[in-house]
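# Secondary and tertiary structure notes
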Amino acid sequence: MTHTTTPSPLLEPARLGALDLPNRLVMAPLTRNRADADGVPGPLMATYYAQRATAGLIIAEATTPNAVGRTYPGTPAIHTAAQIAGWRRVTDAVRAAGGRMFLQLQHGGRVGHPDTSGLTPLAPSPVPLPETIHTPGGRRPAVVPRAMTADDVRATVTDFARAARSAVEAGFAGVEVHAANGHLLHQFIARGTNLRTDAYGGTVEGRVRFPVEVVRAVAEAIGPGRVGVRVSPGATFNGIEESASDEVYPALVAALARIGPVYLHHEFADPDRPPFRTLRAAWPGTLIANPALGAGAPPPDGGRAAGEALLQAGADLVSLGRAFLANPDLVERLRLGAPLNALRERHMMYVGGATGYTDYPTLAPARAGAVRGEGPVAGPGTTRH
Ligand SMILES: Cc1cc2nc3c(=O)[nH]c(=O)nc-3n(C[C@H](O)[C@H](O)[C@H](O)COP(=O)(O)O)c2cc1C
């Protein structure tokens, strides 16, 4: 029998804190806007994540720890009993399918709108998002956020810690604190959005103070072994401005290392560029690297070659986003060297329902057998859209 499985270091098992991962592939957090108007995850979300349970680890999409931190319509939250119960159904489904799951905790900061949350967004400084923002009524100009007071800072730190406890109660193995992509924690880190003159702004130490306080409170709430942190050095999403020579990430990583979260998740990782090398050298724990695949459609291998290069350069785990979105059985496809489904871009965000969400096909059993060289192709096989 011909066997065409393709060995890859991505498919080797790994350990993450108390978790045994069957492979080194992590499903990156992906906002898909399928929660209800109250931020409650429903059965469709349980199906979607359970379909992807063969990932070494799933990091569930950005989920807000309080009402004011909500970004867009249809994003989930975890600060009410109904939201916790909704997430419990999701984690039960993933566990039943053999998977492991963290929850990403995200406060949008200035990336939010009163038409969505009913509240004026909070941010380090009253600097509006320089873009329109998606609301239930369509795209609207961003509003000027209210600068957080010392009380707001304390309350927000408490909300993150409470949300982390709720995530564990909902069955997650841990949480990922979102300090990337121009959301609240990143707004404190970056110069362009943090004009504060108090202890939470100005110097590098000041700008990392709030993210570090959030991570410390979350780690104290559920234990550092259940906490990851996501950063995106150099990213310009959501109007973020960071200078290339900024010392802020080495300082942030050094402060985080003293708290000891179980992983650091580096978005847009390039093994040949300084952020990756600097972070790898500075971070003593597990490093999850999300390859910088460039603008435009992901490569036909979904990021496999880029991921393998990152492991070679010292990453421990590799996260992929769009490849998991379009391929519920991504791990099996990579193992077999099978072709990947094409991404249906227009279904990624701001649309509800199953289309482009839970209807991406897996390899039909007969087709999988054929890829393995065990028999003829029969049935629908791999569909491209
Ligand atoms: C539809 C979509 C939603 C996303 N939502 C999130 C999110 O909720 N949190 C986050 O940190 N990153 C988010 N990202 C970024 C992804 O996690 C990932 O870093 C990015 O897609 C690059 O990885 P890829 O090239 O493998 O897709 C999102 C990306 C896409 C395409």
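Look up: the structure comes first, before these words.
Residues numbered from 1 in each chain as written. Predicted model: local features only at pLDDT ≥ 70, side-chain atom pairs only at ≥ 80, totals over all residues. Heavy atoms only, no water.

### A short note on the packing of aromatic side chains
Using the following cut-off: Pairing of aromatic side chains here covers Phe, Tyr and the six-membered ring of Trp, requires ring centres within 6.5 Å, and sorts the geometry by plane angle: under 30 degrees stacked, over 60 edge-to-face, intermediate tilted. Put simply, DSSP H or I for four residues or longer makes a helix, DSSP E for two residues or longer makes a strand, and each gets a number counted from the N terminus. For every residue, the accessible area obtained with a 1.4 Å probe (protein chains only) is divided by the maximum for its type, and the residue is called buried under 20%, exposed over 50%, and partly exposed between those limits.
Per the stated rule, a full pass over the model turns up eight aromatic pairs. Relative to Phe210, the ring of Phe188 has its centre 4.4 Å away and its plane inclined at 35°; by these criteria the two rings are tilted. Taken together, the residues Phe188 in helix 5 (residues 184-189) and Phe210 in helix 6 (residues 204-222) connect sequence positions 22 residues apart. Of the residues examined, Phe188 reaches a relative accessible area of 0% and is grouped as buried. For the ring pair Phe237 and Phe268, a centre distance of 5.7 Å and an interplane angle of 45° mean the geometry is tilted.

### With respect to the sheet that holds strand 4 (residues 57-63)
Test applied: Note: two strands are recorded as paired if DSSP finds a minimum of 2 bridges between them. Geometry is summarised by axes, namely lines fitted to C-alpha atoms with helices restricted to the contacting stretch, and by angles between N-to-C directions that run from 0 to 180 degrees. Any pair of residues with heavy atoms lying within 4.5 Å of one another is described as a contacting pair.
Within the closed barrel, the eight strands sit side by side as 3-4-5-10-11-12-13-14. Their pairing is parallel. Here the average twist between neighbouring strands, direction ignored, is 25°. Pairing of strand 12 (residues 263-269) with strand 13 (residues 286-291) involves five bridges; the strand directions are parallel. The partner of His265 across the bridge, within strand 13, is Ile288. Contacts from helix 1 (residues 43-51) reach strand 3 (25-27), strand 4 and strand 5 (101-105) within the one sheet, and its direction differs from that of strand 4 by about 145°.

### Topic: the pairing of strand 5
Stated precisely, the cut-off is as follows: Here is how to tell: hold the view so the strands point away, follow the path from the first strand over the helix to the second, and if it runs clockwise the crossover is right-handed.
The element strand 5 is extensively covered by neighbouring structure, given that five of its five residues are classed as buried. Burial of the side chains of strand 5 extends over both faces: Met101, Leu103 and Leu105 are buried on one face and Phe102 and Gln104 on the other. As judged from the four bridges shared by strand 4 and strand 5, these two strands associate in the parallel manner. Residue pairing in the sheet places Ala60 in a bridge with Leu103 of strand 5. Crossover connection from strand 4 via helix 2 (residues 81-96) to parallel strand 5: handedness right-handed. Pairing analysis gives four bridges linking strand 5 to strand 10 (residues 174-178), with the strands arranged parallel. Each bridged residue has a counterpart across the sheet, and for Leu103 the counterpart in strand 10 is Val175.

### With respect to unusual backbone geometry
Residue Phe268 is not a glycine yet carries a positive backbone phi of 60°. Inspection of the secondary structure assignment puts Phe268 in strand 12. You will see that Tyr350, though not glycine, has its phi angle at about 65°, which is positive. Among the structural elements, Tyr350 can be located in the loop between helix 11 (330-336) and helix 12 (365-371).

### What about helix 7 (residues 248-259)?
Applicable threshold: To estimate how far a helix should extend, the number of its residues minus one is multiplied by 1.5 Å. This arc corresponds to the set of directions leading from the helix axis out to the C-beta atoms.
If you check helix 7, its first and last C-alpha atoms are 17 Å apart, about what 12 residues at 1.5 Å a residue would give, namely 16 Å. Among the residues of helix 7, Val248, Tyr249, Leu252, Val253, Ala255, Leu256 and Ile259 are the ones counted as buried. Along the axis of helix 7, the buried residues cluster in a sector spanning 165°; they form a single face. Looking at the buried side of helix 7, the elements it contacts are helix 5, helix 6, strand 11 (227-231), strand 12 and helix 8 (274-282). At the C-terminal side of helix 7, Gly260 shows a positive phi close to 85°.

### Overview of the nonpolar core
Put simply, the rule reads: Remark: nonpolar core denotes a set of buried residues (Ala, Val, Leu, Ile, Met, Phe, Trp, Tyr, Cys) joined through side-chain atoms within 4.5 Å.
Within the largest apolar cluster, 85 residues are counted, with the highest numbers of intra-cluster contacts made by Tyr49, Ile78, Trp87, Phe210, Val218 and Leu264. Apart from the residues lying within four places of it in its own chain, the contact partners of Trp87 are Pro41, Met45, Tyr49, Ala60, Glu61, Thr63, Pro76, Ala77, Ile78, Leu103, Ala170 and Phe172. Formed by 12 residues, the second largest nonpolar core is a distinct cluster that contains Leu16, Ile59, Tyr263 and Ile288.

### Notes on the packing of helix 6 against helix 7
If you want to describe how two helices pack, look at the angle between their axes and the distance between the axes. Operational definition: For classification, angles of less than 35 degrees are called roughly parallel, those exceeding 145 degrees roughly antiparallel, those between 65 and 115 degrees roughly perpendicular, and all remaining angles oblique. In this scheme the crossing of two helices becomes right-handed for a clockwise turn of the near helix relative to the far one and left-handed for an anticlockwise turn of less than a right angle.
Where helix 6 meets helix 7, the closest approach of the two axes is 9 Å, and the angle between their N-to-C directions is 30°. If you check the angle between helix 6 and helix 7, you find them roughly parallel. You can see that helix 6 and helix 7 cross each other, and the crossing is right-handed. On helix 7, the residues that touch Val204, Arg207, Val208, Pro211, Val212, Val215, Arg216 and Ala219 of helix 6 are Val248, Ala251, Leu252, Ala255, Leu256 and Ile259.

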